[in-house]
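Chain and residue survey
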Amino acid sequence: MSVSAQRLLEELQIFDVDCEEALSEKLAELCILYGQNEEGMVAELIAFCTRTGKVCLTSETLNSFEHECLSKKLSRVPRDGGHAGARDIVSIQELIEVEEEEESLLNSYTTPSKGSQKRAITTPETPLTKRTVSTWSPHQLLSPSSFSPSATPSQKYNSRNNRGEVVTSFGSTQGVSWSGRGGAGNISLKVLGGPESLTGSYKSMFQKLPDIRDVLTCKIEELGSELKEHYKIEAFTPVLVPAQEPVTLLGQIGCDTNGKLNSKSVILEGDREHSSGAQIPVNLSELKEYSLFPGQVVVMEGINTTGRRFIATKVYEGVPLPFYQPTKEDGDFEQHVVLVACGPYTTSDSITYDPLLDLIATINRDQPDVCILFGPFLDAKHEQVENCLLTSPFEDIFKQCLRTIIEGTRSSGSHLVFVPSVRDVHREPVYPQPPFSYSDLPRDDRKRVQFVSEPCSLSVNGVIFGLTSTDLLFHMGAEEISSASGTSDRLSRILKHILTQRSYYPLYPPQEDMAIDYENFYTYAQLPVTPDVFIIPSELKYFVKDVLGCVCVNPGRLTKGQVGGTFGRLFLRRQQAAGGEGRRSPCTAVQVVRI
C-alpha cells in the first residue's frame, strides 16, 4: 500500500494544522500499519484531536491517537500486505488442524504440567483422530456469512410444520422402501444424443436469420415425413393452391400478429419443399377438438377453395418416438431409488441455503442410488442478487455451493447428476446450456459426480430420463389454445405435445427471456427417443402423470418464495411384460415430498 507523506501534509493543511516532517513520516507509518489512506487517517486524527481538546500535533498526541483510537477501532491488515479475503470454513478448518498437529508435536517434548490446556483430553473411549474431515457437517462446509452481509435464516421456512409430508403419489407405493444402496450397486450413467452430446461451452449470439429458418424448415420436413409415413398420406398440397376437393397441408402453427394466439389469429406456415414457406390463415370453426400452440408442426386436412383461407376439418395427431430398448451394456438391476430436486435451493428472503442443507441431510439418511439436481443453484431472480447485496463473485458462491453438495453427500455414496439452468446467475443465459465446469472436483468423487447439459437425455442402467430445468410447462401453457367437447387436462395436453413434437422446447417464437441458439438447439435439444421418465420442474403445482407410456414428473421447486417446497423420489424396477400385455414402465412408484 503506497502512502505519501506530502499528501498527508496537504490533507492536514485543509484543517489548518501544521505538522513537522518527522511527524508526517510517523503518520505515514500508521497509515500502512492500519490499512488507512491519507484522507481517512487525517479525518480520524482531526476527530480525535477535537474530541480530546488537543490543539498542537506532537509525538505524544500521535502515540495517544494510536493507543486510544486506531488499535480499538481499526483492524490491522495482514503482515504480507496481501488481501486475505473471506476465508471459507474449509480453509479455516485446515489451518486449525495444522495448528493442532504443531501443538501436539510441541507437547510431546514437554512435561504434562507444561502442556497446553487447550488440547482435548484423550482417553481410550475418545481417541484423538488425526483427520476430522469425515465428521464435517454441511453447515460447516457452507459459510453464507462470507458472501452476504445479511445471512439471517428465514423465519417462515424454519417455522414450517409439514416436513416430510407426501403430497402426491403415483403407482403402487405401498411397501416400497425409499432407502437406496447409496450407489453401492452397479450404476451406469450415460448421456444419449446423436451424434454427440453437448460437453463444452460454445459461442452464442452469432446466428443469422437464414440459419434459424433452416432449422425450423428441417423440423417441419422431418416431422412431416414421419406423419406422412405413419398415416399413409399420398402427398401434401401447397398451402396457396386453390382446390375444390379436400386437401392435406403440412406446416407450422403461427400467429398473424405480435399478440397472443387465439382461434381467430391462427396461420399455417407451409414447408419449403411444397409451399416455399408461404402462409395461409386457418379457420378452426369446423374442428370439434383441437389443441394448438405457436411453433407446432401439424398436418391438417380441410378445404382451400380460394387459396386465401384454409377451413380445417381434421388435425392429425402427432406420433411419439419409440422407447429405448436396453442392451447388455446397460446392465441389469433389481431396483433403484432416484431423488430429483430443482432449485432455487434457498428462500427468497435469505441466502443461508437452509433448504439445501436439509436436502443433503435427506440424501445422507435415505442414501438414494442416484440424485439428479437441477439449477438454479444461485438464482438470478433472488432478491440479494438483483439488489447487488452479495460481497463475493457469483462464481465463487456457486463453487462453494457445489462443494457443499459433493462433500456433504460423500458419506451416502449416492451418484450425483447436476443439470444447469438458464437462471444460474454465474453463466450466460443461453439455451441449450453446456454442463457445469468444476476443476476442483476431487479425484475420489469423479466416478460418482456427473455434469450434464440442459436439456439432456440420461440413461440410468437403460432407463431413459428426459431432463430439463426450463419451465416449459409455464411457457407453453401461456400460449396454447384448445377446444374440447368434454373435460381435458391442460398439462397432459402440453406434455403430449412435447413428446410428439420430439423436442425439449417446441415453442416458437420462444418466451422473451429465452435466448435460444438454434444451431445448437437443433443438435442438442431434440428427443432421441421417448423417455421412460420425463422430469420437468415448473412453477406450476407438482404432479405425476402417465402420458403416452412416459411417466412425467414435476417435482416442484425446493423453495417457493419464503417457504419450503418439494422434491421427488422415484422407485425403478425393470419389469418383464407378460404375454400380449405390451411394454411395462420401469418406473413403478413416485412420490413428491415436502422438504
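Residues numbered from 1 in each chain as written. Predicted model: local features only at pLDDT ≥ 70, side-chain atom pairs only at ≥ 80, totals over all residues. Heavy atoms only, no water.

Turning next to the sheet that holds strand β9 (residues 336-342). Spatially, β1-β24-β23-β9-β10-β11-β13 is the arrangement adopted by the 7 strands of the open sheet, whose pairing is mixed. Strand pairing shows two members of the sheet lacking a second neighbour, β1 (166-171) and β13 (449-451), which therefore form its edges. Strand-to-strand, the axes of this sheet are offset by a mean angle of 15°, without reference to chain direction. As defined by bridge partners, β9 adjoins strand β10 (residues 370-374) across 5 bridges and the pair is classed as parallel. For A341, the partnering residue across the bridge sits in β10 and is L373. On top of the sheet, helix α12 (residues 394-408) reaches β10, β11 (415-419) and β13; it is set at about 160° to β11, its chief contact. (Pairing = 2+ DSSP bridges. Helix = DSSP H or I, 4+ residues; strand = E, 2+ residues; numbered from the N terminus. Axes fitted to C-alpha atoms, helices over the stretch in contact; angles between N-to-C directions. Contact = heavy atoms within 4.5 Å.)

Applying the stated criterion across every chain yields a total of 2 cavities of 30 Å³ or more. The calculated volume of the largest cavity comes to roughly 50 Å³. L223, E226, L227, V297, G318, V319, T500, Q501 and R502 are the residues that line the largest cavity. Among the elements of the structure, α8 (209-230) and α14 (490-501) are those that each provide at least two residues to the lining of the largest cavity. Examining the composition of the lining of the largest cavity, we find that 3 residues originate from one element, α8, more than from any other. Here the residues of the lining of the largest cavity are counted per class, giving 4 nonpolar, 3 polar and 2 charged. Counted as a void, the second largest cavity has a volume near 30 Å³. If you trace the second largest cavity, you find it lined by W178, V337, L339, D366, P368, F567 and R569. Every element with two or more residues in the lining of the second largest cavity is listed here: β9 and β23 (566-572). (1 Å grid on protein atoms, 1.4 Å probe; cavity = no way out; pocket = protein on both sides within 12 Å on 5 of 7 lines; lining within 4 Å. Points joined across faces, edges and corners; volume = space filled by probe spheres on them. Nonpolar A, V, L, I, M, F, W, Y, C, P; charged D, E, K, R; others polar.)

Glancing now at the environment of L240. If you trace the backbone, L240 turns up in the loop between α8 and β3 (243-255). Apart from the residues lying within four places of it in its own chain, the contact partners of L240 are A278, Q279, I280 and G307.

Let's shift gears to the packing of helix α10 (residues 354-366) against α12. Between α10 and α12, whose axes approach to 10 Å, the crossing angle comes to 20°. The orientation of α10 relative to α12 falls into the category roughly parallel. In the packing of α10 onto α12, the handedness of the crossing is right-handed. Across the interface between the two elements, L356, L357, I360 and N364 of α10 pack against C401, T404, I405 and G408 of α12. Across the contact of α10 with α12, the residue classes tally to 5 nonpolar, 3 polar and no charged. (Parallel < 35°, antiparallel > 145°, perpendicular 65-115°, else oblique. Left-handed = near helix turned anticlockwise from the far one by under 90°.)

So, on to the packing of aromatic side chains. One pass over the structure, following the stated rule, counts 14 aromatic pairs. An aromatic cluster of three or more residues is present, and its members are Y345, F377, F398, F418, F436 and F451. Above the plane of the ring of F323 lies R583, whose end atom (NZ or CZ) is 3.6 Å from the centre. (Phe/Tyr/Trp six-rings, centres within 6.5 Å; stacked < 30°, edge-to-face > 60°. Lys NZ or Arg CZ within 6 Å of the ring centre and 35° of its normal.)

The subject of this paragraph is α10. With 13 residues, α10 extends 19 Å between its outermost C-alpha atoms, agreeing within 8% with the 18 Å of an ideal straight helix rising 1.5 Å per residue. Looking at α10, one finds that the buried residues are D354, P355, L356, L357, L359, I360, T362, I363 and D366. A positive phi of about 50° marks Q367, the residue just after α10. (Expected span 1.5 Å × (residues − 1). Buried < 20%, exposed > 50% of the residue type's maximum accessible area, 1.4 Å probe, protein only.)

In this section: the layout of surface pockets. Taken as a whole, the largest pocket holds about 710 Å³ of empty space. In terms of lining residues, the largest pocket is bounded by 33 residues, among which G254, C255, P294, Y508 and P509 are the most central. Secondary-structure elements contributing two or more residues to the lining of the largest pocket are α8, β3 and β4 (266-270). Tallied by class, the residues present in the lining of the largest pocket amount to 14 nonpolar, 12 polar and 7 charged.

So, on to the pairing of β10. A large share of β10 lies buried, amounting to 5 of its 5 residues. Here β10 shows a buried face lined by V370, I372 and F374 and a second buried face lined by C371 and L373. Viewed along the sheet, the connection from β9 through α10 into β10 turns out right-handed. Relative to β11, β10 runs parallel, the two sharing 5 bridges. Residue pairing in the sheet places C371 in a bridge with L416 of β11. (Right-handed = clockwise from strand over helix to strand, strands pointing away.)

Within the fold, T468 resides in the loop between β15 (463-467) and α13 (472-477). A distance of 3.3 Å separates a polar side-chain atom of T468 from the backbone nitrogen of T470. Not counting the four nearest positions on each side in its chain, T468 is found in contact with F374, E454, P455, Y504, F534, I535, I536 and P537. (Polar contact = N/O pair within 3.5 Å; in protein donor to acceptor, adjacent residues only side chain to side chain.)

What the rule picks out here adds up to 19 salt bridges. Among the ionic pairs, R7 bridges to E11, the shortest N-O distance being 3.2 Å. Residue R7 and its partner E11 are both found in helix α1 (residues 5-14); the two are separated by 4 residues, about one turn of the helix. The exposure class assigned to E11 is buried, which follows from its relative accessible area of 11%. Connected through shared salt-bridge partners, D379, R423, E539, R557 and K560 make up one network. (Salt bridge = Lys/Arg side-chain N within 4 Å of Asp/Glu carboxyl O.)

Below, the discussion takes up the environment of S350. Along the chain, S350 turns up in the loop between β9 and α10. When near neighbours in sequence (up to four residues on either side) are disregarded, S350 contacts T152, P153, S154, H382 and Q384.

What follows deals with the packing of α1 against helix α3 (residues 38-52). Any two packed helices are characterised by how steeply their axes cross, that is the angle between the axes, and by the distance between the axes. With their axes 9 Å apart at the nearest point, α1 and α3 run at an angle of 45° to one another. The orientation of α1 with respect to α3, classified from their angle, is oblique. Relative to α3, the crossing made by α1 is right-handed. On the side of α1, the interface is formed by R7, L8, E11 and L12, while α3 contributes E38, E39, V42, L45 and I46.

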